[in-house]
Amino acid sequence: MRIDRIAVHRLRLPLVIPYKLAFGPVEAFDTMLVAVTGEDGRTGWGEATPLAGYTEEVPDVAWRFLTEETKRLAGTTTEEAKAELGRHVHEHPFGVTAAVTAIEMLEGHPILDQGEGRRVPLLAIINAMEPAAIRAEVEARLADGYRTLKVKVGFDPDRDAPRVAGIQAMLDGRATIRLDGNQGYDRAGAVRFLKALDPAAIELVEQLCPAGDWDAAVAVAETGRGQGIPIMLDESIYGLEDIERAAELRAATHIKLKLMKCGGLSACAELLERIRALGMEPVLGNGVAADIGCWMEACVAQRHIRNAGEMNGFLKPRESVLADPLTRDGPDVALPKGWTPRPDPARLDRLGVASAAFGRTMNPLPPGERAG
C-alpha cells in the first residue's frame, strides 16, 4: 500500500489532577498524534507522549523528528516507510512508534482485531499522600473492583517506607500493590528503602534508581531477593539489548515495556515474548498516554500479558481527543468489537498546539494547517 498523506498533531491535554512523580508533578500531557492515510483513503492513527524526566526524547525533540521525517514518507509504500523509520528507533523511539503504529493500523495489523470484544484488567494509581486521603482513595478504588494498586515512591526512602506500611495495613490483604520509584533514589537510599519494607502484598518494586546505573540495579535486585520482593525495571529498558542485559545481570524479575518505546506493535509483542523466554515476567502499559496509545497497549496485553495492565493514562486527561473515547468497565479497559479510534476534528483543533501535513500532491504546509 502506498502512503498518500501524513499529518502530525501536537496536543496539550490538561489532566484532571496532577500526576505525582518523583521528578515532579505532571499537569498536562504533551501528546503527538500521527495520521497516515493510504491511497485508498483509509487512515491509521498512532500516538506518543514523551515525558521530560523519563526520557531524553523530550517533547520538542519528538516533534522536530516527526515533522522532519514524515515529510519524506508521503508517496512511499508502507513497508518502505516502516523500514526508513526503523533506522531511527534507537535515537527517537517515541517518534518512531507514533508513526509506525499509525502505519500498522492502516495496514490492519492483526493484533488490533479484538474479535467479539475483550476486557483487559488495569491497576489503579493511589495519588494521595496524607493518611486520611490515602484511605479514602484506597477504599474508592477497591469499591471500583481494582485488585492491584500502584503507589509512587522515590521521594524520600525514610518517609516512603512508613507510608507504604500504612497502605499495607489499610489493604489488609484485599489487594496487591506495585511500588514505583521513577528513578528517585540513589543506590544507598534504594537498599535502605527495600530493607525497611514488609513484603506482604507487594507484587513488585519498580525502578528505584537512575536508568543508566546498572550497578545500582544489580544491588537493588540482590536486596530484593534477600527481602523476598520482586524487582522490575522500566526506564532502564529501551530494547532487546537492555532486556538481555537485565537477564544476564539478574537485575530484575520483571520487565515493563511501554509501546511508545518499542518502535511498533510487532516489535512490542516480540520483546514481551523475549522477556518471558529469558525467565522474567513482562508487564505492559503507560500511565502517561492518551486513548490511542492505551488502546493499542490493551490490544497487545490481551494477547501477551497475564497481569494487571498499566495502560491507564487515558483516564487522566480532562477531555479525550476522540469522538468516541476509550472507556473503563469497572477495573478493566473495554475493547468493544469493531471499536477503532476516531479523533474529533473540533477537539483536535481545540487541544492542538501545532500541526503539519504532507502529501504527494500538496505543498508541505497547506492552507489551514498550523506549523509548530
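Before reading on, note that the structure itself is shown above.
(A) Structural context of the overall build of the protein chain. For the protein chain, the helix and strand inventory stands at 12 helices and 14 strands. In terms of C-alpha radius of gyration, the protein chain reaches 20 Å, essentially the compact-globule figure of 21 Å for 372 residues. If one aligns the C-alpha atoms of the protein chain with their principal axes, the spans along those axes are about 65 × 40 × 40 Å. Among the 372 residues that make up the protein chain, the fraction classed as buried is 59%. Summarising the internal contacts of the protein chain: among those between residues at least 6 apart in sequence, 71% fall at separations of at least 24. The centroid of the 44 positive side-chain charges in the protein chain is displaced by 3 Å from the centroid of its 54 negative side-chain charges.

(B) Structural detail: the packing of helix H6 (residues 187–195) against helix H7 (residues 214–227). Where H6 contacts H7, the axes come no closer than 10 Å and their chain directions differ by 10°. Judged by the angle between their axes, H6 and H7 are roughly parallel. Each of Arg187, Ala190, Val191, Leu194 and Lys195 in H6 lies in contact with H7, whose residues at this interface are Asp215, Ala216, Ala219, Val220, Thr223, Gly224 and Gln227. Residue composition of the contact of H6 with H7, by class: six nonpolar, three polar and three charged.

(C) View of the sheet that holds strand E14 (residues 352–359). With antiparallel pairing, the four strands of this open sheet are ordered in space as E3-E2-E1-E14. The sheet is open, and its two edges are formed by strand E3 (43–48) and E14, each paired on a single side. Across this sheet, the average inter-strand angle for adjacent strands is 20°, counted without regard to direction. Bridging between strand E2 (residues 26–38) and E3 involves six bridges; their strand directions are antiparallel. When the sheet's bridge partners are listed, Ala35 is paired in E3 with Trp45.

(D) Layout of the packing of helix H2 (residues 78–86) against helix H3 (residues 93–107). The contact between H2 and H3 brings their axes to 10 Å, and the two run at 160°. The pairing of H2 with H3 is recorded here as roughly antiparallel in orientation. Pair H2 / H3 crosses with left-handed handedness. Residues Thr78, Glu79, Ala81, Lys82 and Leu85 of H2 touch H3, and the partners they reach there are Val96, Ala99, Val100, Ile103, Glu104, Leu106 and Glu107. Of the residues in the contact of H2 with H3, the class split is seven nonpolar, one polar and four charged.

(E) Structural view of helix H4 (residues 131–143). With 13 residues, H4 ought to run about 18 Å at 1.5 Å a step, and its terminal C-alpha atoms sit 18 Å apart, in line with that. Among the structural elements, strand E5 (124–126), strand E6 (148–152) and helix H5 (157–171) are those in contact with the buried residues of H4. Looking at the residues trailing H4, positive phi occurs at Gly145, about 105°.

(F) Layout of the side chain of Lys261. Here Lys261 lies in helix H9 (residues 259–262). A polar contact is formed between the side chain of Lys261 and the backbone oxygen of Asp234, at a distance of 3.0 Å. Contacts of Lys261, omitting those with residues within four sequence positions, involve Tyr54, Pro93, Phe94, Thr97, Asp234, Glu235, Ile237 and Tyr238.

(G) Representation of helix H8 (residues 240–249) in the model. If you check which residues of H8 are buried, you get Asp242, Ile243 and Ala246. Buried residues in H8, looked at end-on, bunch into an arc of 105°, giving them a common side. Among the exposed residues of H8, those oriented more than 90 degrees off its buried face are Glu241 and Glu248. On its buried face, H8 is in contact with H7, strand E9 (231–233), strand E10 (254–257) and helix H10 (265–277). At the C-terminal side of H8, Arg250 shows a positive phi close to 55°.

Cut-offs used in this document
Residues numbered from 1 in each chain as written. Predicted model: local features only at pLDDT ≥ 70, side-chain atom pairs only at ≥ 80, totals over all residues. Heavy atoms only, no water. Helix = DSSP H or I, 4+ residues; strand = E, 2+ residues; numbered from the N terminus. Rg over C-alpha atoms; globule rule 2.2 N^0.38 Å. Buried < 20%, exposed > 50% of the residue type's maximum accessible area, 1.4 Å probe, protein only. Contact = heavy atoms within 4.5 Å. Lys, Arg positive; Asp, Glu negative; His and termini not counted. Charge placed at Lys NZ, Arg CZ, Asp CG, Glu CD. Axes fitted to C-alpha atoms, helices over the stretch in contact; angles between N-to-C directions. Parallel < 35°, antiparallel > 145°, perpendicular 65-115°, else oblique. Nonpolar A, V, L, I, M, F, W, Y, C, P; charged D, E, K, R; others polar. Pairing = 2+ DSSP bridges. Left-handed = near helix turned anticlockwise from the far one by under 90°. Expected span 1.5 Å × (residues − 1). Polar contact = N/O pair within 3.5 Å; in protein donor to acceptor, adjacent residues only side chain to side chain. Arc of directions from axis to C-beta.

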